[in-house]
Amino acid sequence: MTARRLRFAHRTALALLASAAVGTFHTSDGMAQTADLVFVNGKVFTADARSSLAEGFAIKDGRFIAAGSSAAMRGHVGAATKVVDLAGRFVAPGLADGHLHGVSGGPGIDLANARSLDELFAVVGRAAKDAQPGAVIVSNSDWHEAQLKEKRLPTARELDQYAPVNPVVLVRGGHEYVLNSAALARWGVTKQTQSPAGGEIGKDEAGELNGELVDNARSLVTLPSQRAPTLDNVLATQRTLNGYGITSVRVPGSFRLGEFFHTLDLVLEARKRDLLTLRFNVNLPAARAGTRLRDPASVRELLARSPLKQDEGDEWVRLGGVKLGVDGGFEGGFMTQPFVGAMGRGGTYYGINTVPAADFTAITRALNQDGWRVTTHAVGDAALDVVLGGYEAANADRSIAGRRWAIEHLFVSRPDQIARLKKLDIALSVQNHLYLAAPSLKKYLGIERASQITPVKTYLEQGFLVVGGTDSPVVPVNPFWQFYHFLTRDTITDGIYGENERVTSRIDLLRMITINYARLTGEADIKGSIEAGKLADFVVLSDDILSVAERAIPQMKALATYVAGKEVYRDPSYQ
Ligand SMILES: [Zn+2]
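To start, this report covers the structure provided alongside it. (Residues numbered from 1 in each chain as written. Predicted model: local features only at pLDDT ≥ 70, side-chain atom pairs only at ≥ 80, totals over all residues. Heavy atoms only, no water.)

## Observations regarding the overall build of the protein chain
Keep this limit in mind: By the criteria applied, helices consist of DSSP H or I runs no shorter than four residues and strands consist of E runs no shorter than two, each listed in order from the N terminus. Radius of gyration here is computed from C-alpha atoms only, and the compact-globule reference equals 2.2 Å multiplied by the residue count raised to the power 0.38. Note on classification: 1.4 Å probe, protein chains only; a residue is buried when its accessible area is under 20% of the maximum for its type, exposed when over 50%, partly exposed between these limits. Contacts: residue pairs with any heavy atoms within 4.5 Å of one another. Note on areas: Shrake-Rupley with a 1.4 Å probe; residue coverage comes only from the protein chains shown.
The helix and strand inventory of the protein chain stands at 17 helices and 23 strands. The C-alpha radius of gyration of the protein chain comes to 24 Å, within 12% of the 25 Å expected for a compact globule of 575 residues. In terms of overall dimensions, the protein chain has C-alpha extents of about 80 × 55 × 45 Å along its principal axes. When each of the 575 residues of the protein chain is scored for burial, the buried share is 59%. A sequence separation of at least 24 residues applies to 73% of the contacts in the protein chain between residues at least 6 apart. When the accessible area of the protein chain is evaluated, it comes to approximately 22100 Å², of which 51% is carbon and sulfur surface.

Printed below as a string of C-alpha cells:
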C-alpha cells in the first residue's frame, strides 16, 4: 500500500467511527462471551491494521476479547462484569518506548533542573562544601547543556572556582564527562595524554584541557563504585513509566540503574515474584563505547553470561538480541562531512568511530553465525557506512532479512544508503534528541545538517518499520514530548528545526509507539493494539491526541494506565 493510500485508509477508518466490526468474540452458540471488565463511551484508537476507532472494548483474564461500539460491548456484560464509562475519553494501546535505559540519571548531584551555568555551579559548590576531603563528586547524567541559558558546558577552570579541592566528574548523557582540575590530576590526564582510540580528550582553542572526556576517553576515569541497585529501584522505575502511560520498554544494551546483568537479575526477580507492571525487551550489551569488546571471542564470552538466550522469557521479560555501537553521541556522531565551528577544528573533526569497521564486521558476522539478532547505535552517516558494511557481510553468510535487525538513532543518513538498508530489511529505532539538544547540534554540525536530524517523515515515507522512543535518561522519558517534536519539529529552546520533516499523520506517530514497537520485538500477535486475543495493556489519556491543539500536546498526561487488564496507575485528578 502506498503512503497516500494508507493515509486515505486512515481517514476512512476515522469516518467509520465505531463500526462495531472490530473483533467481537462469540461463543460457539452465538452468545457474546462474558467479560470481567467492559469499557464504553470512549474514543478508542485500536492500532489495528486499519487504525480503526472504537467506542469501547471488553476484557477477560487480562486480554481483550472484543473492541467495537458501546452497544456491542454491552453484550459482554454479565452479572459480575465491571462496566467503566469513559465519558468520551481517548484511549490508546499501552505506550512503548523503543529505546530506554532508565528514568533518571542515576545517583550523584542532580543537574536536571539547572537552567543556567550559575545554577549548575551552585549545585556543584554546595556539594563541594559538604564533601569529605578527597571524596569524588559525581553528577547524575540526565542533563544537557542545551537546557542551560548559556547553551554550553562548564569548563574545568570554572568548576575549580566552586570545587577547588575535591575531584568533580559531571556525567553528561551517555557519552561525555566534564572534569575539574582536581579530577584531571587525580586520573593523571594532562595536555600530553594521548586520546585513546574511539575517544577524545577535550581542549580549548589555546590547547589547554577544558575538562571534557568524550566516549572512550571516559575510560581514563574510574568512577567511585555506586550503591548496587535494588528491587525497589526497579519497581520505582516501572511506577514512573506507568505514570506516562508506558507499558513496554526496549532496553538497548545498558540499564542506567546499575551493572547490566545485576539489573537484569533484579528484573527477573520482580517477574518471578509477580511484581512487574511493565514489559521488558532486553538487548545484551556488546561492542559499545567505553567497553573493550573488540573481537568475537570476548563478545561471545560476555553473551554467555546472560541468564536468558535470544527470544527466551515471556510476555513480561524477553531477550531481544544484541546491541552494538560504532560511534559517539551528540559530539561524537561519526560523519562523512566534518563538524563545524570550534568543534570542527578547521574541518578536520568527523566525530568518533568507537569500533573500527573491521572489528565491527568480524563481530557482526560471528553473531549472525550464532543466530543472534543485532541492533546497532549509529548516529552519523559514516557510522552507518560501518554498520552497512558489517550487516551486508553478515547477510552474505546468512540472510538477515525478516529477522528484525535494526539501527538505533540514525540522526544523519544519505539517500544512497537507504536502498541498502531496505534491501537488508532493517528497522529504525528513532528518538527525539533534537527536541532537547538542538542548539548544541546546530553548533556542532551547522543549521543545515542539524535541521534534518532524525528525519522521521522521510523514514516513514521510505517504508521502514519506524519505532519511537526517547533514549531516556539522555532525553526525558515523556512520550508526549516525543510525539509533539516529531509532529511539529519544535525544540525546547530553539524553535522549529526542519519543518519539511514534520510527520503530518498523528496516526503514524501513535503507531510508532504502539503496534510498530510490537512488530520490532516480534510480539505483534500478543500486544501493540486493542484487538481480541491481545494482552489488555492500554492507557486513558488526558486529551484526544489525534485532534488536540499541537501546543497542548507537551502538557498531556496519562489519566490511567492498565497492564493485562489491571490498573497500575491513576492520575489523582481522574475519577
Ligand atoms: Zn541509548
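Back to the text.
## Concerning the packing of helix H6 (residues 231-242) against helix H7 (residues 260-272)
We apply this condition: Orientation is described by axes fitted as lines to C-alpha atoms, over the contacting stretch for helices, and by angles from 0 to 180 degrees between their N-to-C directions. Orientation categories follow fixed angle ranges, with anything under 35 degrees roughly parallel, anything over 145 roughly antiparallel, 65 to 115 roughly perpendicular, and all other angles oblique.
Closest axis-to-axis distance for the H6/H7 pair is 9 Å, and the angle between their directions is 75 degrees. In terms of axis orientation, H6 runs roughly perpendicular to H7. Side by side, H6 and H7 meet where Leu 231, Val 234 and Leu 235 of the first sit next to Leu 266, Val 267, Glu 269 and Ala 270 of the second.

## Remarks on the coordination of the zinc ion
Note the threshold: Each metal's donors are the N, O and S atoms found within 2.8 Å of it, except that Na, K and Ca use a 3.2 Å limit; water is left out, so coordination can look incomplete.
Around the zinc ion, the protein supplies His 99 (NE2), His 101 (NE2) and Asp 471 (OD) as donor atoms, at distances of 2.1 to 2.2 Å. Mapping the donors of the zinc ion onto the primary sequence gives the spacing H-x1-H-x369-D. Taken together, the residues span a long stretch of sequence, with His 99 in the loop between strand E8 (95-97) and helix H3 (117-130) and Asp 471 in the loop between strand E20 (466-469) and helix H15 (479-488) at a distance of 372 residues. Exposure remark for His 99: the relative accessible area of 0% places this residue in the buried category. The exposure class assigned to Asp 471 is buried, which follows from its relative accessible area of 7%.

## Focus on the pattern of salt bridges
Selection criterion: We define a salt bridge as a contact between a side-chain nitrogen of Lys or Arg and a carboxyl oxygen of Asp or Glu at a distance within 4 Å.
All told, the structure shown has 30 salt bridges when counted by the stated rule. A salt bridge links Lys 272 to Glu 269; the shortest N-O distance between them is 3.8 Å. Pair noted here: Lys 272 and Glu 269 are both in helix H7, with a separation of 3 residues, about one helical turn. Residue Lys 272 is classed as exposed on the basis of its relative accessible area, which comes to 68%. A salt bridge links Arg 414 to Asp 385, with the shortest nitrogen-to-oxygen separation between them at 3.0 Å. Of this pair, Arg 414 sits in the loop between strand E18 (406-409) and helix H11 (415-423) while Asp 385 sits in helix H10 (residues 381-397); the two residues are 29 residues apart in sequence, bridging distant segments of the chain. Connected through shared salt-bridge partners, Glu 145, Arg 172, Glu 176 and Glu 331 make up one network.

## Describing the sheet that holds strand E11 (residues 176-179)
The line we're drawing: Criterion used throughout: strands pair if DSSP finds at least two bridges between them.
Ordered in space as E9-E10-E11-E13-E12, the 5 strands form an open sheet in which the pairing is mixed. Taken across any chain shown, the strands that pair with only one partner, and hence form the sheet edges, are strand E9 (137-138) and strand E12 (199-203). When E9 meets strand E10 (residues 168-172), the two strands line up parallel, connected through 2 bridges. From the neighbouring strand, Ile 137 faces E10, where its bridge partner is Val 168.

## Section: the pairing of strand E16 (residues 317-325)
Our working definition: By convention, a crossover is right-handed whenever its connection, traced from the first strand over the helix to the second and viewed with the strands pointing away, goes clockwise.
With respect to burial, E16 is a largely interior element, 9 of its 9 residues being buried. For strand E15 (residues 279-285) and E16, the ladder comprises 6 bridges, and the chain directions are parallel. Bridge assignment links Phe 280 to a residue of E16, and that residue is Val 317. Summarising the sheet, E16 and strand E17 (residues 374-378) pair through 4 bridges and their orientation is parallel. Bridged to Gly 325 within E17 is His 377. Remark: the E16/helix H9 (residues 357-369)/E17 crossover connection has right-handed handedness.

## Quick look at unusual backbone geometry
The omega torsion across Ser 472 and Pro 473 is 10 degrees, close enough to zero to call that bond cis. Here Asp 61, not a glycine, exhibits a phi torsion of approximately 55 degrees, which is positive. Take Asp 61: it is sitting in the loop between strand E4 (56-60) and strand E5 (63-68). With relative accessibility at 65%, the residue Asp 61 sits in the exposed group. Positive phi outside glycine occurs at Ala 564, with the angle close to 50 degrees. Take Ala 564: it is sitting in the loop between strand E22 (558-563) and strand E23 (566-570). Of the residues examined, Ala 564 reaches a relative accessible area of 26% and is grouped as partly exposed.

Just geometry here; none of it tells us what the structure is for.
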